[in-house]
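Descriptive analysis of the structure
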Number of protein chains: 2
Amino acid sequence: MNVTIKDIARLAQVSHTTVSRALNDSPLINSETKEKIKQLAQEMGYTPNFSAKSLVMDRSYNIGLFFSTLNTGTSAGFFYETVRGINSVVKDAYNLVVRGIDDYEHYRSIHRKSFDGVIVMSQSAKDDPFLHHLSEAGIPHIVLNRKVEGLKAINILSDDSHGSYRVVNHMIKKGHRRIAIISGKQNFHSTVERRDGFVRALQDAGIELKESYQVGASYDLKSGYTAMLQLLDLPERPTAVFCMNDDMAVGAVKAVHDAGLQVPGDVSVAGFDDSMFSAYLSPALTTVKRPIEEISRQGALVLLESIEQKKLAPDIIYLRTELVVRESVAEPAKA
Amino acid sequence: MNVTIKDIARLAQVSHTTVSRALNDSPLINSETKEKIKQLAQEMGYTPNFSAKSLVMDRSYNIGLFFSTLNTGTSAGFFYETVRGINSVVKDAYNLVVRGIDDYEHYRSIHRKSFDGVIVMSQSAKDDPFLHHLSEAGIPHIVLNRKVEGLKAINILSDDSHGSYRVVNHMIKKGHRRIAIISGKQNFHSTVERRDGFVRALQDAGIELKESYQVGASYDLKSGYTAMLQLLDLPERPTAVFCMNDDMAVGAVKAVHDAGLQVPGDVSVAGFDDSMFSAYLSPALTTVKRPIEEISRQGALVLLESIEQKKLAPDIIYLRTELVVRESVAEPAKA
DNA sequence: ACACATCATGCACACGTTAACAATCCAAAA
DNA sequence: TTTTGGATTGTTAACGTGTGCATGATGTGT
């Protein structure tokens, strides 16, 4: 049997109310008795029963971390860094519950009683019904990684458009004019943003957008591979290829090698994310660092604040991306 | 305000007990009223209050997933696959709470009231005090990835020793005699097992074990890189290097390239795990497939069984590893 | 000396659920 | 007719905690 406040009360010769007040640092208690009870509780190895606490306090002590999906389109590194970032903030004051939004048929079981707050790592507008549900259920929540339109929500995200502008611009400065792009999953916010940066960079340089230089993929290694094969097959193949994430870049580099060509000798390749492994590839990957762990940490902080102090946070926070120049983008071979 | 069974009772003109029975498919109820109540509950959008349920049922509806650490030594892919595997089983019957064991100073807050069951992805004997705590607290638990000695526990793991025996044997058959190993974190169970397979393979082939061919690292990319540099510096450098995981293999390959040498032309390299990216490296990595997602899924199944039906599972389950031959191991250059 | 404020404590109830036990009804058996 | 017993439903308490209100003790100003 576990120790309850009533057990403590009996031994301390006070009512359980007093014990409760002591353990919660209520101002309505003598500081001496408070200390005495606290020490006693410590000795007896008391731990609060969160079920009971939840019931009466109307709180669950659960924080939900929801990904759009845990299956396709979520890379391992991305997932890992997110959980780490949030976990470092949440500690053991809350349970961090990890879920995929697409695991649910209906959201009925997600309500204020089951989650004190929710962090949504959102990829696309497909999540909007879910966000809508959160609003309606009155669950404090923040949205990471995506700017949500229409709904009122706290957003924390990186400036992906700017980031991809810079890599592509870097390619242009190196002398590339035939620049292709391998896109991520359609409808993903990140996909739209990164494409936007790509387009702007080309326009600013006065380079024409070619339809055949834009090929769709799905953020995983394999899709990067096949997309690159497609590009290499073109009559006038690109000299540089921007991949919307590092995973696809790895697949793309593989495709180049398998075609008997070299990176960056024959084709330059860049990625996005700065995954852990990207510095250790051969050639080391030129990419854009996206502060996922930092976004997650900030998000968790803001959420906890808004739960605990009902403080209002600003609508939207942008974190800077950073160009990481390594070896996979070089000057194009002379024509 | 949320709908409770009392609200339903009022509308259905029955007692709340009857409602409770209806919703829990108790045999003590008329099937007509049962259906009527169920339908009413559905219409009213009733969802049970888990805090209340927990309190009286003495269950938390939480399943803990504990990693030895979430920081160093846990690779992103490993983490991702584990969570996916378990999540696919747990569904929304339970909350899956993810934690690092080393986040805790003491385990007081982990008790039967806070977790119905715990899955431990364990790396080393350092986790033993934690496992001991779980036993003592009477929390049903299973240990993945490691055979735990002394303590009674259900174990599910892959036969790493056999796996590494096979890669190393594969190297030997290709004609290598100067074979080195880059180890993972000291004290990790996996490190010991994989080393064991390595040693046996060499012994069976009558190859002498050289101290200088065994270098310690820590399962991350960077440590693989520096370890390989060290090996390349040797007066008589190895012709083949077995890395205890794929991450380190990536680092090692990078080191070879940076030294102006080729894989597998000058040095063959093999890894362990069969991470998602290993097929997409250049050269594609020869490695050992370890069924992490499968281990996790099985583990979750066994745990749920033992929670819900109090059924006893076998002490230890081994899942097979599998040699994956790709390109990074070839015949050694003629001496 | 008295009224009154202040501080510390206890009593009793509430939260939403399950379950042991009691009560009722009706049909079948004696 | 009376008894028995199964089926169905209701009454009540319990789980462990927090809180509004009442109570008692102690001091403070007049």
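Okay, so let's go over this structure. Computed from a prediction, not measured in an experiment: that's the story for all the values here.

1. Quick look at the sheet that holds strand 6 (residues 179–183) of chain B
Residues and elements named next belong to chain B.
- One open sheet holds the four strands; their spatial order is 7-6-8-9, and the pairing between them is parallel. Each having just a single partner strand, strand 7 (214–216) and strand 9 (268–270) make up the two edges of the open sheet. The mean angle between the axes of side-by-side strands here comes to 20°, regardless of whether they run parallel or antiparallel.
- Pairing of strand 8 (residues 240–243) with strand 9 involves three bridges; the strand directions are parallel. Across the sheet, the residue bridging to Phe-242 is Ala-270, located in strand 9.
- Where helix 7 (residues 160–173) meets the sheet, it contacts strand 6, strand 8 and strand 9, and its direction lies at approximately 170° from that of strand 8.

2. Quick look at the pattern of salt bridges
- For the structure shown, the criterion picks out 32 salt bridges over all chains.
- The partner of Arg-59 of chain A in a salt bridge is Asp-116 of chain A, and the shortest N-O contact between them spans 3.5 Å. Linking Arg-59 of chain A in the loop between helix 4 (50–57) and strand 1 (62–67) with Asp-116 of chain A in the loop between strand 2 (95–100) and strand 3 (117–121), this pair joins segments that are 57 residues apart in sequence.
- Taking the shortest distance from any N to any O, the salt bridge between Asp-160 of chain B and Arg-194 of chain B comes out at 2.9 Å. Note that Asp-160 of chain B is positioned in helix 7 and Arg-194 of chain B in helix 8 (residues 189–204), a separation of 34 residues in sequence.
- For Asp-160 of chain B, a relative accessible area of 4% puts it in the buried group.
- Counted as one network, the salt bridges with shared partners bring together Arg-84, Glu-293, Glu-294 and Arg-297 of chain A.

3. Considerations on the interface of chain A and chain B
- Taken together, the contacts link 53 residues of chain A with 52 residues of chain B.
- Both faces combined, the contact of chain A with chain B buries some 4400 Å², and carbon together with sulfur accounts for 57% of it.
- The largest share of the area that chain A buries against chain B comes from Tyr-80, Lys-254 and Tyr-280 of chain A, three residues that together contribute 16% of it.
- Linking chain A with chain B are two salt bridges, by the criterion used here.
- The closest approach of N and O atoms between Glu-327 of chain B and Lys-254 of chain A, which form a salt bridge, is 3.6 Å.
- At the boundary of chain A and chain B, one finds 24 residue pairs in polar contact (both at pLDDT 80 or more).
- Broken down by secondary-structure element, the contributors of at least two residues to the side of chain A that touches chain B are helix 4, helix 5 (76–90), strand 2, helix 9 (221–232) and helix 10 (246–258) of chain A.

4. Concerning the protein's contact with DNA strand C
- Near DNA strand C, the surroundings consist of 28 residues, among which Thr-18 and Arg-21 of chain A together with Ile-5, Ser-20 and Tyr-46 of chain B are the closest.
- Atoms of DNA strand C within 4 Å of the protein: sugar and phosphate make up 62%, bases the balance.
- Asn-24 of chain B is positioned with one of its side-chain polar atoms (N or O) 2.9 Å from a phosphate oxygen of DNA strand C.
- The contact in question runs from a phosphate oxygen of DNA strand C to an N or O atom on the backbone of Asn-49 of chain B, over 3.3 Å.
- Sorting the residues of the surface near DNA strand C by element identifies helix 2 (16–23) and helix 4 of chain A together with helix 1 (5–12), helix 2 (16–23) and helix 4 (50–57) of chain B as the ones contributing at least two each.
- Residue composition of the surface near DNA strand C, grouped by class: twelve nonpolar, 13 polar and three charged.

5. Here we look at the protein's contact with DNA strand D
- Around DNA strand D, a shell composed of 28 residues is seen, among which Ile-5, Ser-20 and Tyr-46 of chain A together with Ser-15 and Thr-18 of chain B lie nearest.
- Backbone atoms, meaning sugar plus phosphate, form 59% of the atoms of DNA strand D positioned within 4 Å of the protein.
- Thr-18 of chain B places a side-chain nitrogen or oxygen 2.8 Å from a phosphate oxygen of DNA strand D.
- Asn-30 of chain B places a main-chain nitrogen or oxygen 3.3 Å from a phosphate oxygen of DNA strand D.
- Of all the elements in the fold, those that place two or more residues in the surface near DNA strand D are helix 1 (5–12), helix 2 and helix 4 of chain A together with helix 2 and helix 4 of chain B.

Cut-offs used in this document
Every chain's residues receive numbers from 1 upward, in the order its sequence appears when written. The order in which chains are written sets their letters, starting at A; the order in which ligands are written sets their numbers, starting at 1. With pLDDT at 70 or above as the cut-off, local features in this predicted model cover only qualifying residues; side-chain atom pairs require 80 or more to be listed or tallied, and sums for whole chains, interfaces and linings still use all residues. Note: side-chain values were computed over all heavy atoms of the structure, leaving out hydrogens and water. Criterion used throughout: strands pair if DSSP finds at least two bridges between them. Where helices and strands are cited, they refer to DSSP runs of H or I of at least four residues and of E of at least two residues respectively, numbered from the N terminus. For helices, the fitted axis covers only the stretch in contact; all axes are lines through C-alpha atoms, and the angles between them, taken along N-to-C directions, range from 0 to 180 degrees. Any two residues whose heavy atoms approach within 4.5 Å are treated as being in contact. Each reported salt bridge corresponds to a side-chain nitrogen of Lys or Arg within 4 Å of a carboxyl oxygen of Asp or Glu. A simple rule labels every residue: compare its accessible area, found with a 1.4 Å probe on the protein chains alone, to the largest value its type can have, and call it buried under 20%, exposed over 50%, or partly exposed in between. Values labelled buried area give the accessible surface lost by two parts on being combined, using a 1.4 Å probe and summing over both. Identification of polar contacts relies on pairs of N or O atoms within 3.5 Å, with a donor-acceptor requirement for protein atoms, meaning one able to donate a hydrogen and the other able to accept it, and with residues adjacent in sequence counted only if both atoms are side-chain atoms. Residue proximity to a molecule or strand is established when one non-hydrogen atom of the residue lies within 4 Å of it. When residues are sorted by character, Ala, Val, Leu, Ile, Met, Phe, Trp, Tyr, Cys and Pro go into the nonpolar class, Asp, Glu, Lys and Arg into the charged class, and all the rest, Gly among them, into the polar class.

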